[in-house]
Each structure stands twice: as structure tokens, then as C-alpha cells.
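# Residue-level structure breakdown
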Amino acid sequence: MIEKSNRLQFHYFFKDESHSIDSILRNECEKEILYIFKEVSETLGLKLNIESLPTEEGGFKETWKLLGKNSVQITLIASVAAIVISRFPVENKELTKLQIENLKLDNELKKKELEKLNLDFLQTDEELNQKIIINSVELVNKNYKISWRKSNLYKKLNTYNKIDSVEILRYEDKKPIGNPRKIPKQSFLKFILKTDELPKLELDNSIIDVISPAIKRGNFRWKGFYNNEIISFLMDDLQFKTQVLNGDTHFSNKYSLEVEMTQNRKINQDGDIKTTSTIVNKVIASIENGNRIEY
């Protein structure tokens, strides 16, 4: 069985004998760690509050007290977070295919995954076993934000010259639980993603409600309404573009296009996925007042 824990300590080891740390770096690292705690708890469908405890010397030790519904939920979050923060990624240079397929980890997918995990027993104060921890880590690792936050954490740490290693350890109040998980500085690069760019998203049979077409020659962008958002896009279907430029297409306020398109995306500084550009590769059909014309 897994020993109970309600605290996590992040220990900075330095190359010298000092017990101080750059304030900006410390706050930036704490931000990434707290977001990892948040993403772990939300992915597992558990509520979490966090309190910061006084710092300690010995290098520099940062400790957080985790608060939740009961001790077994807190132990699960603490155990999973400690593993996630310290375990070397299997595929470490970019987001894995599994994470890309589950980028938003939407509510329906999350519900199904949690049903498989069967965490109902967490409503009581029963004990955890190793299998529950392993399965929870697998679910949490599907959340791209955790890999991204972890990459940010070790990217910041890697730039700090005086640091030698970091270590994460669980506690039950003041009693250390299990073995500390130590990461030497030479291993920090294993955690860092090489890019915040995501693979291109290829979309077929997508419907764009046209707001304003580009009816002048040149690389002008169209505007439309797609997926409950206003988007700008380039029209790369030369046949349809020529038809528009020749004045052979009539537009109204109820004009839509069914298209094949490509979207380039990246992760912004808040960890959210943002579309950076949209290109319509082919117009399949136009739709106006319910009338569909194929091309």
C-alpha cells in the first residue's frame, strides 16, 4: 500500500554552500510547479487547495501543504505529482502523439478515462495501491499542459548557473515518505520540449460562415466564423479564388463554405492552444440559404 502524504517539498541543491536563490527564478519555478499540481488534480477530477510553508535551508527547500476532501485523495495527488515532475519523459523532444490526439482532454473524454480508472473509492478514506498510482500517472500524462509546464520548469532551472540538482520528496506532516526523487542538472535537458509549435491540424468537411471575402488580387485574408470563433484565413484553392476574383461568385450574409483546411497552432505563455494561421486548401462546396453547390 502507498503511505499517506500531505506535503511536497522541492529541494534546490547548489554548487556552492549558499542557501539563497534568485527571487525571480524561484517565483517562476514555483508558478510552473503549482500549475502542475493544478493540472494533476483537475485531470483526476479532484479538488485541491495549496498552502505554502516556511522555506528551509539546506540548499533551498520549498514546501507546500496539500488540502483536499480526504487523506487518500491528497496522497494520490502528491504521489502522482512527485512522479510526474521527476520522471524522465519517454519521448522528450515534442508532445507525444497520444497527447496531441487528446490536446484538450475534453469533458467527455475525461469522463470516460476516469470511469476506466474507477476512482469512486476515493470518496472514502481507503488505502491506495500501486496500480491506482500507475494508472493515474498514465491518465495525467495524456494532458499536454503537464509536459509543457514541466518543460518550462526545467528550462528555467537549466539557465541558473549555481544550481547542481533538484529533488522532490513527499511528507506526511513533518515525516518524510519514501525515497527522494533527485534530478541532476545534466538531466534537465531531457525534460525540455524543443518547440511550442504543434503539428498541423488537417480538417476535412469543415464549415466556415463567410463574414468578408477577399475580392482583390493579392494575398489578402478572408474572415469567417468557425467553431464559435471569428477566424481569418488564406484562400489557397486557386480555382475557387479565380472564380471569386472574376466576379462569378455572389456573396450574402448567409453564405458558407465547406472546405478542407489546415491550421497551424502553438502553445501560448498561459499553456493554451492558439491557432496561428488557417489555410483553406480546397473548397468542397458553397452553401447559401440551404442550397449546396459542389465544386
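Please refer to the structure placed before this passage.
The sections below set out a description of the structure shown in this document. Since the structure is predicted, the reported quantities are computational estimates derived from the model, not experimental observations.

Check the secondary structure of the chain and you find seven helices and twelve strands. Considering the chain as a whole, with its 295 residues, one finds that 46% of them fall into the buried category. Taken as a whole, the chain presents about 16200 Å² of accessible surface, with 46% of it coming from carbon and sulfur.

Right, let's talk about the packing of helix 2 (residues 71-86) against helix 5 (residues 130-140) for a bit. Across the interface, helix 2 lies against helix 5 with an axial gap of 10 Å and an inter-helix angle of 60°. Viewed along their axes, helix 2 and helix 5 adopt a mutual orientation that is oblique. Classified by chirality, the crossing of helix 5 by helix 2 is right-handed. Residues Leu76, Ser79, Val80, Ile83 and Val84 of helix 2 pack against Ile132, Ile133, Ser136, Val137 and Val140 of helix 5.

Direction vectors running N to C along helix 1 (residues 23-43) and helix 6 (residues 144-158) enclose 160°, while the axes themselves pass 9 Å from each other. Relative to helix 6, the element helix 1 lies roughly antiparallel. Seen from above, helix 1 lies across helix 6 with left-handed handedness. Here Leu25, Glu28, Cys29, Lys31, Glu32, Ile33, Tyr35, Ile36, Glu39 and Val40 of helix 1 come into contact with helix 6, specifically with Lys145, Ile146, Arg149, Lys150, Asn152, Leu153, Lys156 and Leu157.

The rules we used
Residues numbered from 1 in each chain as written. Predicted model: local features only at pLDDT ≥ 70, side-chain atom pairs only at ≥ 80, totals over all residues. Heavy atoms only, no water. Helix = DSSP H or I, 4+ residues; strand = E, 2+ residues; numbered from the N terminus. Buried < 20%, exposed > 50% of the residue type's maximum accessible area, 1.4 Å probe, protein only. Areas by Shrake-Rupley, 256 points an atom, 1.4 Å probe, with all protein chains shown as cover. Axes fitted to C-alpha atoms, helices over the stretch in contact; angles between N-to-C directions. Parallel < 35°, antiparallel > 145°, perpendicular 65-115°, else oblique. Left-handed = near helix turned anticlockwise from the far one by under 90°. Contact = heavy atoms within 4.5 Å.

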